[in-house]
Amino acid sequence: MKQKLLFAPVLMLLFMHVLVRAQIPESEKSALLDLYHATKGASWTTPWDIKSSVDTWYGIEINEGHVTGIVLYENNLEGKIPTSVKELKNLHILDLALNKLEGEIPEELTELNKIEAVKLEMNLLDGKLPFELGNMSNLKTLTLFDNQIEGDIPRSIGAAKNLEILDLSSNSLTGNLPTSIERLSKLTNLDISNNRLGVR
């Protein structure tokens, strides 16, 4: 009987841990649903059951009650990245590579100052790079190769002091490589090939 009495609180603690893990702020859930609907979620290779708990959704990582990772590469996302992505303030990784995303990379993405990896390669993204890229001070990996991005590489990139991997190859970038890149002391991999840099 004593063992049963001790076991009950343990079960309760485990239940509460799972419950807390599954709960995220409504603003974050709303941002995820925006992404789902904006990119034709019902047609994804592995869609979400949006009636079920968020912690069961494919590619979503949750830690301490917040969304910290979205990993949906090669999952048939088609459409634009919604501006409400800015609500995912604890996001550490955004991997939407190898999909059919189009339109510009939203400026609001640069408001995520905890993010460490943004992987959007091999999509159909166009327009210019967000001007305030340097706001992403914890960013370590930025891979945008094989898109249709044009315009200059913003000077603010030099403020992304933790950047280690920067791959902007196979786009339509023009202008000159900003000298601020020299300030990226941790950069180990830089690829800007197959662009129109040096051209106005």
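Residues numbered from 1 in each chain as written. Predicted model: local features only at pLDDT ≥ 70, side-chain atom pairs only at ≥ 80, totals over all residues. Heavy atoms only, no water.

Trainee: I'd like to hear about the packing of aromatic side chains, residue by residue, with values.
Mentor: Each aromatic ring pair is described using two quantities: the centre-to-centre distance and the angle formed by the ring planes. A full pass over the atoms with the stated rule returns four aromatic pairs. Centroid distance tyrosine 36 to tryptophan 44: 5.0 Å. Interplanar angle 75 degrees. Geometry classified as edge-to-face. Comparing tyrosine 36 with tryptophan 44, the two get one shared label, buried. Between tyrosine 36 and tryptophan 48 the ring centres are 5.4 Å apart and the planes differ by 15 degrees, which places this aromatic pair in the stacked class. A residue pair is termed long-range when its members are at least 10 positions apart, and tyrosine 36 in helix H2 (residues 26-38) and tryptophan 48 in the loop between H2 and strand S1 (60-63) qualify at twelve residues. Residue classification places tyrosine 36 among the buried residues on the basis of a relative accessible area of 8%. Taking relative accessible area as the criterion, tryptophan 48 reaches 5% and is therefore assigned buried. Clustering of aromatic rings is evident, with ring pairs tying together Tyr36, Trp44, Trp48 and Trp57. (Phe/Tyr/Trp six-rings, centres within 6.5 Å; stacked < 30°, edge-to-face > 60°. Buried < 20%, exposed > 50% of the residue type's maximum accessible area, 1.4 Å probe, protein only. Helix = DSSP H or I, 4+ residues; strand = E, 2+ residues; numbered from the N terminus.)

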